[in-house]
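Examination of the molecular architecture
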Amino acid sequence: MVRAAADGSEAAWAALVDRFAGVIWAVARAQGLDPSDAADVSQTTWLRFAEHIDQLREAERAAGWLVTTARREAVRISRLGARHLLVDPWTELARRDEEVEIDEALLDQERSVVLQQSFAALPDRCRRLLQALAAEDASYADLGQRLDMPVGSIGPTRARCLEKLRALMSRLEEGQLNPLTFGKDQVHER
Amino acid sequence: MRDDGYELEALDRELRELFARVEPVPAHVMDQAYSAFAWRGVAASLAGLEYDSIIDDDGLARLRTGGGERLLRFRSGGSMVEVSIVDEGHRLVGQITPPEYGRVEMRRPDQVREALVDEAGRFLVDDPAPGAMSLRCLPAAPGGAVLETEWVTI
């Protein structure tokens, strides 16, 4: 997909955006940015990606690169915001009261980013299935028809996909994964 | 085996919750992401962001700009572009090294503004809007090397 986009396929680019835009957005919001700042993170990240796409021909690196770039840009912009505020003592006191709540919310959001990033790195087949299963309580027969899968394979495939997701998440959370190669085995898979 | 099953079901619930409450990416943000394709370029001519006072604050920015302003430095081989954003964001002052006459294009995702570069390699842009920015430095002399800076949010 990345290779095709680098070679000029706009459809391949759009597919990359569809797959990863949500994670980038989540990363920016997890940093505490409001929607307009998060929009700037997203825009700069995709522009940089377009700039560097030639160097990122290895599709496997794209996922980690996008998240790392978005995170850096989000930190950058969050500091920009702070520099414009006049910090006075009353604001500082109020902020400390909010900190406990914010910490819990941030933990939640971090977990959410890990989940989204891992989900984005799953093979297409898994993403389609898990999304379809979560979206509605359709019968396996209906889903089998819609996704062009034998009904008997849905249960086992679902379990395998969830297992893949679990494995990706725990590797990410344990920090054992080099963010640049994250998703190496997954994104490439049919 | 049994534990594994419970763990996967818990993950499945978490995933469903995520789908239910995950904030959708606004449509205009998606559009901008699709449009970024048009800026596909060749990274070989890129001047990378080497220093950003917002991140790498070591007092240099305060020294150079008098405090409260932002300093960015881009480098490509022996060439360098330094950008100071001063006057509370109302003015962008640039310095290209090695210096030479020419012009600079300040590229934004949806527009391009031009400024002249003097013989000392200096240029000025008033009221740069916040958002993603990349500079393209075009020397007047024929055959001069074109410098493009990495996209950054100002």
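Shown above is the structure to which this text applies.
In this report, we go over the structure that sits alongside the text. A quick note: this is a predicted structure, and the numbers were derived from the prediction, not measured.

Thresholds, definitions, all that
- Residues numbered from 1 in each chain as written.
- Chains lettered and ligands numbered in written order.
- Predicted model: local features only at pLDDT ≥ 70, side-chain atom pairs only at ≥ 80, totals over all residues.
- Heavy atoms only, no water.
- Helix = DSSP H or I, 4+ residues; strand = E, 2+ residues; numbered from the N terminus.
- Buried < 20%, exposed > 50% of the residue type's maximum accessible area, 1.4 Å probe, protein only.
- Contact = heavy atoms within 4.5 Å.
- Areas by Shrake-Rupley, 256 points an atom, 1.4 Å probe, with all protein chains shown as cover.
- Axes fitted to C-alpha atoms, helices over the stretch in contact; angles between N-to-C directions.
- Parallel < 35°, antiparallel > 145°, perpendicular 65-115°, else oblique.
- Left-handed = near helix turned anticlockwise from the far one by under 90°.
- Nonpolar A, V, L, I, M, F, W, Y, C, P; charged D, E, K, R; others polar.
- Salt bridge = Lys/Arg side-chain N within 4 Å of Asp/Glu carboxyl O.

A look at the overall build of chain A
Of regular secondary structure, chain A possesses nine helices and zero strands. Reading the secondary structure of chain A in the N-to-C direction produces α-α-α-α-α-α-α-α-α. Burial statistics for chain A: of 190 residues in total, 45% are counted as buried. Restricting the contact set of chain A to residue pairs at least 6 apart, pairs at least 24 apart contribute 68%. As displayed, chain A offers around 9500 Å² of accessible surface, 51% of which is attributable to carbon and sulfur atoms.

Section: the packing of helix α2 (residues 10-30) of chain A against helix α3 (residues 35-52) of chain A
Residue and element names in this part refer to chain A. Look at α2 against α3: their axes get within 10 Å of each other, and the N-to-C directions meet at 140 degrees. On the basis of the axis angle, α2 is oblique to α3. The element α2 and its partner α3 pack so that their crossing is right-handed. In this structure, α2 contributes W13, L16, V17, F20, A21, I24, W25, A28 and R29 to the contact, and α3 contributes P35, A38, A39, V41, S42, T45, W46, F49 and A50. Along the lines of polarity and charge, the residues of the contact of α2 with α3 split into 15 nonpolar, two polar and one charged.

Considering the pattern of salt bridges
Across all of its chains, the model carries 23 salt bridges over all chains by this definition. Note that B:E23 is salt-bridged to A:R29, the shortest N-O span being 2.9 Å. Of this pair, B:E23 sits in the loop between α1 (2-21) and α2 (27-35) while A:R29 sits in helix α2, which puts the two residues in different chains. Among the residues examined, A:R29 registers a relative accessible area of 23% and is labelled partly exposed. Among the salt bridges present, the one from B:E148 reaches B:R107, with a minimum N-O distance of 3.7 Å. Separated by 41 residues along the polypeptide, B:E148 in strand β9 (residues 147-149) and B:R107 in strand β5 (residues 102-108) bring together distant segments of the chain. The exposure classification of B:E148 matches that of B:R107, with both residues buried. Several salt bridges share partner residues, and in doing so they unite A:R48, A:E73, A:R76, B:D52, B:R70 and B:E150 into one network.

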